[in-house]
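Here are the chains, one letter per residue:
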Amino acid sequence: MTDGDYDKIGRAGRERTARWGRAGCVAAVAVLLAGLPWAARDRLPGRLATHWSGGAAPDDSMPLWAAALFPAGLWLLIALAVSVRWRRSWPAVRPWRTMTLAPTATALIGAQASIVRANLDRADWHDAREPGLDIVLVLASTAVAVVLAWRVSTRPTRDPATATPALNLPEGERLVWFSRAANPWLQLLAALTGLIAVGALVALAVGLADPAGLWPVCGGCAVASLAGAAFSSVQAKVSEAGLDVSFGPLGWPARHWAPDAIESARAEHRLPSQVGGWGFRLSGLGTTVMLRAGDCLVIRPRGRRADFAVSVDDAERGAALLNALRRRD
Amino acid sequence: MLLRLDTTDTRPLHEQVAAAIRRAVAEGECRAGDRLPSARHLSATLDINVNTVLRGLRELRDEGLLEFRRGRGITVAEGAAGRSGLQIKVRELIAEASRLGYSRTDLIDMIRGTTA
C-alpha cells in the first residue's frame, strides 16, 4: 500500500469518528432537553407554564411529559433535517450544519432551563414566574454560539497548493483579462419590481390608492429592484494592478486585490447548492459571488483563512494570468 | 477575453487599442454578440485616455467588427472573426510592402493585376 492509501484510510477513520461524535452530541442534547424537567419533577406542578405573551402571567401550558418530550422531539427533527444529504451535489462536509445546530441547541436548552426555573416550586402553572431576564440570557448565549460555530466551522477551505499553473507572460507584452457573468432571472426580477415601484409611485402621485398602504410597496419594490440590478451581473478584470471585481451596470460596489495581496488563484466548478444559493454567499467554501452554476474564479487572499470566489466565464485563464502576475511581482 | 498589448509598439495608441481588440476577435477571445467592456472600463484598465480608446473602437466599428448600440453597449458584430482575420492580413501585407519599398498604390495595382 502507498502512503496515499494509508492517508485515505486515516481520513475515512477520522470521518467515521466525527460522524459518531456528532451523533453523540445530538443524542446528549436530546437527553438533556427531555431530562431537565424530569429531573426536577418533584418540585414542578403537574402542568408547566410554557408560553408568555409579553405579560407577567403565562398564557399557555403543557403537561410535564409533553414539556419534556416536545423540545427533544423538535431538536431531533431539526438535527435529522440538516444531517440528511438531500442533494448529491452537496459536499460531504457542510459547515453550516454546525452553524445551524449549535445555536439551535443553545436556544432550546436555554428555553427549557428557563421554563423549568419559572415553574420551580409552584403549585399551579398560573403562578409561574416571568422569565424576563432568562430570555435575554438565552438570546445572548445563542448569539455567542453563532459566533463560536462560525469561528470553528470556517476552517481553511483548501490547500492553496492546487493553484492553476501560471500563464506564460511574453516579454514586452501587456496582458489584460476581462470577464463577466449575468443572471437573467435576477435582471428580470429587478425589471419587474422596478415596474411595480414606478406603478405604485404613479398611483400615489395621482391619488389612486391609500398612501399608507402604497408607500411600503413602492419603497420595498424600489429597494428590491436596485439591489437586483446591482447584483444581477458581475465583471472581473485582471491587469497589472491586480484583480478587480465589480457589480452591476454601474460597477459599484467593487472590490480590488493587488497581485501581492493574493496568495493563489484557481478556477473551480461550483454549484449554487454547494454555496447555499445565488447571490453573495458566505459558506464553508469561503465567500462566493454566485450568479450562475459553473466556472468560478477562486482566489485566496494573503493572510486570510477563507477563499473569495466569483462566478465568471473563462475563469481558468483569469486565474492563470493572476498567478503569472503574482509571480512576476 | 484576453487583450494583448505590445509595450514596444511605436504606433499611435488608438491603433494599438484597435489592433489588440482585432486580434482578440480574430483569435476567438470574444464571439459575435459578446459584449465588450465599456470604453470607460477599458480606458481605466489600459491606462489610456478614454477618447483614444473610443477612437480605436470607432475604427473597429467602421471596419464592421463592432456594433455600437444604445443601452446595449458595444458588441462584437456578426461574422467579425473572419473579417478581423482578413483585416490583420491586409495590415501585415501593407507593412511588408512598405518594408520592401512599395506604396499602397503599387500594392493595389499588384492586386488588380493578379489573376488567381
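Keep in mind that this is a model prediction, so the values were computed, not measured.

A. The overall build of chain A, seen in detail. The helix and strand tally for chain A stands at eight helices and eleven strands. Across the 329 residues that make up chain A, the buried fraction comes to 32%. Counting contacts in chain A only where the partners sit at least 6 residues apart, residues at least 24 apart contribute 63% of the total.

B. Just the interface of chain B and chain A, in detail. In this assembly, eleven residues from chain B lie in contact with ten residues from chain A. Those elements giving two or more residues to the side of chain B that touches chain A turn out to be β1 (2-6) and α2 (39-46) of chain B. In terms of residues, the side of chain B that touches chain A owes the most to one element, β1 of chain B, which gives five residues. Partitioned by chemical class, the residues of the side of chain B that touches chain A number six nonpolar, three polar and two charged. Alignment of strand β3 (residues 173-182) of chain A against β1 of chain B, held across five bridges, turns out to be antiparallel. Bridge pairing links V176 of chain A to L3 of chain B in β1 of chain B.

C. A look at the sheet that holds β3 of chain A. Sheet architecture is open: five strands sit in the order β6(A)-β5(A)-β4(A)-β3(A)-β1(B), paired in antiparallel fashion. The open sheet terminates on both sides in strands that have one partner only, identified here as β6 (254-257) of chain A together with β1 of chain B. For this sheet, the mean inter-axis angle between neighbouring strands, taken without regard to orientation, is 15°. Helix α8 (residues 315-328) of chain A rests against β3, β4 (233-239) and β5 (242-247) of chain A together with β1 of chain B of the sheet, and its axis sits at about 145° to β3 of chain A.

D. Geometry of the confidence of the model for chain B. Residues and elements named next belong to chain B. For chain B, the average pLDDT comes to 86, and 99% of its residues sit at 70 or higher. In the model of chain B, β1 stands out as the element of lowest mean pLDDT, 84, in contrast to helix α3 (residues 50-62), which has the highest, 92. Confidence estimates for the predicted assembly give a pTM of 0.58 and an ipTM of 0.74.

E. Geometry of helix α4 (residues 80-99) of chain B. Residues and elements named next belong to chain B. Along its 20 residues, α4 runs 28 Å from first to last C-alpha, staying within 8% of the 28 Å computed at 1.5 Å per residue. Regarding α4, the residues found buried are A80, S84 and Q87. Viewed along the axis of α4, the buried residues span an arc of 55°, placing them on a single side of the element. Along α4, exposed side chains directed more than 90 degrees from the buried face belong to G82, L86, K89, E92 and E96. Check the buried side of α4 and you find it contacts α1 (13-26) and β3 (73-76). Remark: G101 follows α4 within two positions and exhibits a positive phi of approximately 95°.

F. Structural view of the pairing of strand β1 (residues 47-52) of chain A. All names here are of chain A. The pairing of β1 with strand β2 (residues 58-63) spans five bridges and is classified as antiparallel. Bridge assignment links W52 to a residue of β2, and that residue is P58. Hairpin connection of β1 to β2: five residues between the antiparallel strands, including G54 at a positive phi of 90°.

G. Representation of the UniProt feature "transmembrane region" (unreviewed entry) in chain A. In this numbering, the UniProt entry assigns the feature "transmembrane region" (unreviewed entry) to residues 20-40, 64-84, 96-115, 135-152, 188-208 and 214-234 of chain A. Secondary structure content for residues 188-208 of chain A is 86% helix and 0% strand, and the end C-alpha separation is 27 Å.

H. Layout of the environment of Q274 of chain A. Following the sequence through the fold, Q274 of chain A ends up in helix α7 (residues 272-275). When the C-alpha positions of Q274 of chain A and L285 of chain A are compared, they lie 8.3 Å apart, and in sequence the two are eleven residues distant.

Thresholds, definitions, all that
Residues numbered from 1 in each chain as written. Chains lettered and ligands numbered in written order. Predicted model: local features only at pLDDT ≥ 70, side-chain atom pairs only at ≥ 80, totals over all residues. Helix = DSSP H or I, 4+ residues; strand = E, 2+ residues; numbered from the N terminus. Buried ≥ 20, exposed ≤ 12 C-beta atoms within 10 Å, placed from the backbone. Contact = placed C-beta atoms within 7 Å. Nonpolar A, V, L, I, M, F, W, Y, C, P; charged D, E, K, R; others polar. Pairing = 2+ DSSP bridges. Axes fitted to C-alpha atoms, helices over the stretch in contact; angles between N-to-C directions. pLDDT = per-residue confidence, 0-100. Expected span 1.5 Å × (residues − 1). Arc of directions from axis to C-beta. UniProt positions renumbered as here; feature names shortened; annotations may be inferred.

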